[in-house]
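Take a look at the letters that make up each chain.
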Amino acid sequence: MQTGLTSGAIDPTSVTEVGSGFQMLAMLLTLGLGPLSKPWRTSQMKKSLVALAVLAASGAAMAQSSVTLFGIVDAGYAVGNGSVSDKTTLRNSGYNSSRLGFRGVEDLGGGMKAGFHLEAGVNNDDGTGSASSALNQAQTAANVGTQGLTFNRRSTVSLEGGMGELRLGRDYTPHFWSETVYDPFGTNGVGTSITAFKGGLTGVRASNSIGYLSPSMGGVKLWAQTYMGENASTAAKVGNGNSYRITFDQGALSLAYAGSKTTTAAGVTNDTSNIAGSYDLGVAKLMAQSNTTKITNAADIKSSLIGALVPMAGGTFRIASSQTEQAGKESKLMAVGFVQPMSKRTDLYATYARVSNAGGAAAALNGAVTAANGSSTGYEFGIKHAF
């Protein structure tokens, strides 16, 4: 997840070098070859110089811009066991979410930059694209989940300067970012924290959003966002909401407080908040978070997580314990895993998890089904390649 993510992207050939080369060639031809030109070649030479001048000007303009193609392809073998039924699948995104994206930036001068980011979710296990929520509301189209690529992960245009960044379009919600950043499993795979995704249809991303990301001020940053369901003025404001995140980063310490409020139906809101942090000891990075979600006319959802990332044997050992409770229904998840890098862009991973239920809860893993108050186990192993 997450979210600032290069995802192992490889930078393209520098356009600045190309632009400078054209400019130098045009200058040499103008200054050095002009006096050597024979009269009968004058017309042709003039045409050549004009063409080169155009290329030079084009190169100078392109020198201020860059575009990157990037992506991740992640697939794994996954098994879920429950008291009612088991399930075995080849699934995607067990370690990092599979994606295909394009991003670019243009230097406007004076410290200002314009940029865009288009990122599509890819279900590489079956070749389909991932669905989007266009209006932050439930999708009813029959083809949801079987359509082609949609830029559901992110589709934004932005303007950035010394005062921060203004970002428009479909984007992550600030309150989700804390859930994934402070989860050793990054809200991916069978080890995903069961504290996450309580924010409803805007629990991860929001469409039609306007966001502001401030620069760091003594280690403190603000990310504020508002989003719209784009309803008629006479209708309920379903899909409308606001989200924010305040962070403090200083050395090995990272802290965050975030929250959101979204209208999910007429007279119904989802109000979620979380506080989280991490501390890097060198031998291990410790993480913790606590989340509370308040939904109109429903019992509060209270969740928490503790975990760690531990470098060992050339890879990373991951461990996390999370729990969630609502109206006496409680589920507790314990997960362990290991990631082994094969190169800078390729990783092998394996994860095992077990969830136990009480109070009538029936959470299960990897598509399995378990009875109320029962338990479920799941495991997966796979490969992730970034480009």
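Residues numbered from 1 in each chain as written. Predicted model: local features only at pLDDT ≥ 70, side-chain atom pairs only at ≥ 80, totals over all residues. Heavy atoms only, no water.

(A) Region of interest: the overall build of the chain. Of the regular secondary structure elements, the chain holds three helices and 18 strands. Expressed as a percentage of the 387 residues in the chain, the buried residues total 40%. Accessible surface, the chain: about 18,800 Å² in total, of which carbon and sulfur atoms supply 62%. (Helix = DSSP H or I, 4+ residues; strand = E, 2+ residues; numbered from the N terminus. Buried < 20%, exposed > 50% of the residue type's maximum accessible area, 1.4 Å probe, protein only. Areas by Shrake-Rupley, 256 points an atom, 1.4 Å probe, with all protein chains shown as cover.)

(B) Geometry of unusual backbone geometry. Residues other than glycine seldom take positive phi values, yet N297 does so here, at roughly 60°. Assignment of secondary structure puts N297 in the loop between β13 (285–295) and β14 (301–312). Accessibility expressed as a relative area gives 81% for N297, which makes it exposed. Despite not being glycine, A327 has its phi angle at roughly 50°, a positive value. With respect to the secondary-structure elements, A327 resides in the loop between β15 (315–326) and β16 (329–341).

(C) Quick look at the nonpolar core. Within the largest apolar cluster, ten residues are counted, these being F185, V190, I194, L305, A320, L333, A335, A353, V355 and L365. Secondary structure elements with two or more residues in this core: β16 and β17 (346–358). What A353 contacts, discounting residues up to four positions off in sequence, is V190, L333, M334, A335, L365, S376, T377 and G378. In terms of nonpolar packing, the next biggest core, distinct from the first, is built from six residues, Y172, W177, V204 and L213 among them. (Core = buried A, V, L, I, M, F, W, Y, C linked by side-chain atoms within 4.5 Å. Contact = heavy atoms within 4.5 Å.)

(D) Expanded view of the pairing of β15. Pairing analysis gives twelve bridges linking β14 to β15, with the strands arranged antiparallel. Bridge pairing in β15 links P311 to T316. Between β14 and β15, which pair antiparallel one after the other, the connecting turn spans two residues, and A313 there sits at a positive phi close to 50°. In this structure, the hairpin formed by β15 and β16 is closed by a connection of two residues, where A327 is found at a positive phi of approximately 50°. (Pairing = 2+ DSSP bridges.)

(E) Region of the structure containing the packing of aromatic side chains. For the structure shown, the criterion picks out seven aromatic pairs. On the numbers, 5.5 Å between centres and 40° between planes, the contact of Y77 with F381 is tilted. Within this pair, whereas Y77 is found in strand β1 (residues 65–81), its partner F381 is found in strand β18 (residues 375–386), the two being separated by 304 residues in sequence. Aromatic side chains Y172 and F176 sit 5.9 Å apart centroid to centroid with 10° between the ring planes, which places their arrangement in the stacked category. The same class applies to Y172 as to F176, namely buried. Ring pairing ties together the aromatic residues Y172, F176, W177, F197 and W223, which thus form one cluster. Stacked on the ring of F70, the Lys or Arg R103 has its end atom at 4.1 Å from the ring centre. (Phe/Tyr/Trp six-rings, centres within 6.5 Å; stacked < 30°, edge-to-face > 60°. Lys NZ or Arg CZ within 6 Å of the ring centre and 35° of its normal.)

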